[in-house]
Amino acid sequence: MLRVAVLASGRGSNLAALLQAEQRASWRVLGVYSDRPNCDALALARQAGRDAIGLRPRDFADRAGFDRALFQAIAPIQPDLIVCAGYMRIITAEALADLRTPMINIHPSLLPRHRGLDTHARALQAGDAEHGCSVHGVIAELDAGPVLAQARLAIAADDTPARLSERVLALEHQVLPACISEIASGRLRLSGNQAHYAGQPLRAPLQWQHGRLCLEPSA
Ligand code: GRF
């Protein structure tokens, strides 16, 4: 059983998807940690009887101090994997350098396109034909790190940022749990800036197709 810690800042729809999916999986969310003590994600974690801790950034002198306290709060559950699921705070390079636990993030774009915020509006403005979401390893650079898995959709002529965000979110709810299951099975391994799948370096992200994650034929 892979022990998972989740970091979240907001409404927690990805967390809800994880709590649903874990019932059929070989991993379990043991705790949820946040930079927003009143967020819905923490309320959901408490309802589900999980460790739920929120820390206020303003109670700390600096970012490094906040991150030290955050990772100290997570330590008791001894996670094998940390999952950022709508965690909206940048994690300091110092905290990441000290971390021995793999960490992944779900990002609403087809990385490396559209790092950062407002990805849906930016994909529309750019005239992209496709959009989607990516699960990637977390490194000190924002929304960088090896891309492990992606789910994509075709942008429709009448898509708005709101509509696109809704459609991508539905994919996020499928690809994130599926990616954690691949890690729990040992097929997908993440170590620092390197990802391996079935013992081979992962050359291209796994793709969500027909309800499962697949290796790209060219990989
Ligand atoms: C998701 O779109 C996630 O990709 C992004 O923030 C959003 C969080 O949504 N990083 P939720 O809190 O999981 O509902």
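Structural data are supplied above this passage.
Attention in this report is confined to the structure presented alongside it. In this text the structure is predicted, and so the values were computed from the model without any measurement.

Some details on the site of the ligand
The environment of the ligand is formed by Arg 11, Gly 12, Ser 13, Asn 14, Gly 86, Ile 106, Pro 108, Leu 169 and Glu 172. Here Gly 12 contributes a backbone N or O atom positioned 2.9 Å from an oxygen atom of the ligand. One of the side-chain N or O atoms of Glu 172 is found 2.7 Å from an oxygen atom in the ligand. For the ligand, whose free accessible area comes to 370 Å², the fraction covered by protein is 88%. Going through the elements one at a time, helix 1 (13-21) and helix 6 (161-184) are the ones with two or more residues in the shell around the ligand. A class-by-class count of the residues in the shell around the ligand yields three nonpolar, four polar and two charged.

A word on the packing of aromatic side chains
A full pass over the atoms with the stated rule returns one aromatic pair. The interplanar angle of 90 degrees and the centroid separation of 5.5 Å between the aromatic rings of Phe 60 and Phe 66 together place this pair among those described as edge-to-face. Directly above the ring of Phe 66 sits Arg 89, whose terminal nitrogen or CZ lies 4.4 Å from the centroid.

Concerning the packing of helix 1 against helix 2 (residues 40-47)
One way to put it is that helix 1 packs onto helix 2 with a least axis distance of 9 Å and a crossing angle of 20 degrees. When the axes of helix 1 and helix 2 are compared, the pair comes out roughly parallel. In this structure, helix 1 contributes Leu 15, Ala 16 and Leu 19 to the contact, and helix 2 contributes Ala 41, Leu 44 and Ala 45. Looking at the contact of helix 1 with helix 2, its residues break down into six nonpolar, no polar and no charged.

A few points about the environment of Ser 13
In this fold, Ser 13 is placed in helix 1. Taking the C-alpha atoms as reference points, Ser 13 and Ala 41, separated by 28 residues in sequence, lie 7.7 Å from one another.

Quick word on helix 6
The end-to-end C-alpha distance of helix 6 is 34 Å, a good match for the 34 Å that 24 residues give at a rise of 1.5 Å each. Note on helix 6: the residue one or two positions beyond its end, Gly 186, has a positive phi of about 85 degrees.

A short note on the pattern of salt bridges
Using the criterion set out here, one finds eight salt bridges in the structure. For Arg 163, the salt bridge is made with Glu 166, and the minimal N-O distance between the two is 3.2 Å. Taken together, the positions of Arg 163 and Glu 166, both in helix 6 and three residues apart, correspond to about one turn of that helix. Judged by relative accessible area, Glu 166 falls into the exposed class, the value being 51%. Three or more residues joined by partner-sharing salt bridges are found here, namely Glu 22, Arg 28 and Arg 50.

Digging into the layout of surface pockets
Estimates place the volume of the largest pocket at around 890 Å³. Split by residue class, the lining of the largest pocket holds 18 nonpolar, 13 polar and seven charged. Taken as a whole, the second largest pocket holds about 220 Å³ of empty space. For the second largest pocket, the lining is made up of 13 residues, of which Thr 101, Pro 102, Met 103, Val 138 and Gly 192 are closest to its centre. Split by residue class, the lining of the second largest pocket holds eight nonpolar, four polar and one charged.

Describing the state of the cysteines
Counted under the stated rule, the structure contains zero disulfides. This cysteine, Cys 39, is not joined by any disulfide, and Cys 84 carries the nearest cysteine sulfur, 13 Å off. Among the residues examined, Cys 39 registers a relative accessible area of 8% and is labelled buried.

Some details on the nonpolar core
In terms of nonpolar packing, the biggest core is built from 46 residues, with Val 6, Val 83, Ile 104 and Ile 180 touching the most fellow members. With nine residues, helix 6 is the single largest residue contributor to this core. Ala 5, Cys 84, Tyr 87 and Leu 96 belong to the second largest nonpolar core, which has 19 residues in total.

Cut-offs used in this document
- Residues numbered from 1 in each chain as written.
- Predicted model: local features only at pLDDT ≥ 70, side-chain atom pairs only at ≥ 80, totals over all residues.
- Heavy atoms only, no water.
- Near = heavy atom within 4 Å.
- Polar contact = N/O pair within 3.5 Å; in protein donor to acceptor, adjacent residues only side chain to side chain.
- Areas by Shrake-Rupley, 256 points an atom, 1.4 Å probe, with all protein chains shown as cover.
- Helix = DSSP H or I, 4+ residues; strand = E, 2+ residues; numbered from the N terminus.
- Nonpolar A, V, L, I, M, F, W, Y, C, P; charged D, E, K, R; others polar.
- Phe/Tyr/Trp six-rings, centres within 6.5 Å; stacked < 30°, edge-to-face > 60°.
- Lys NZ or Arg CZ within 6 Å of the ring centre and 35° of its normal.
- Axes fitted to C-alpha atoms, helices over the stretch in contact; angles between N-to-C directions.
- Parallel < 35°, antiparallel > 145°, perpendicular 65-115°, else oblique.
- Contact = heavy atoms within 4.5 Å.
- Expected span 1.5 Å × (residues − 1).
- Salt bridge = Lys/Arg side-chain N within 4 Å of Asp/Glu carboxyl O.
- Buried < 20%, exposed > 50% of the residue type's maximum accessible area, 1.4 Å probe, protein only.
- 1 Å grid on protein atoms, 1.4 Å probe; cavity = no way out; pocket = protein on both sides within 12 Å on 5 of 7 lines; lining within 4 Å.
- Points joined across faces, edges and corners; volume = space filled by probe spheres on them.
- Disulfide = S-S within 2.5 Å.
- Core = buried A, V, L, I, M, F, W, Y, C linked by side-chain atoms within 4.5 Å.

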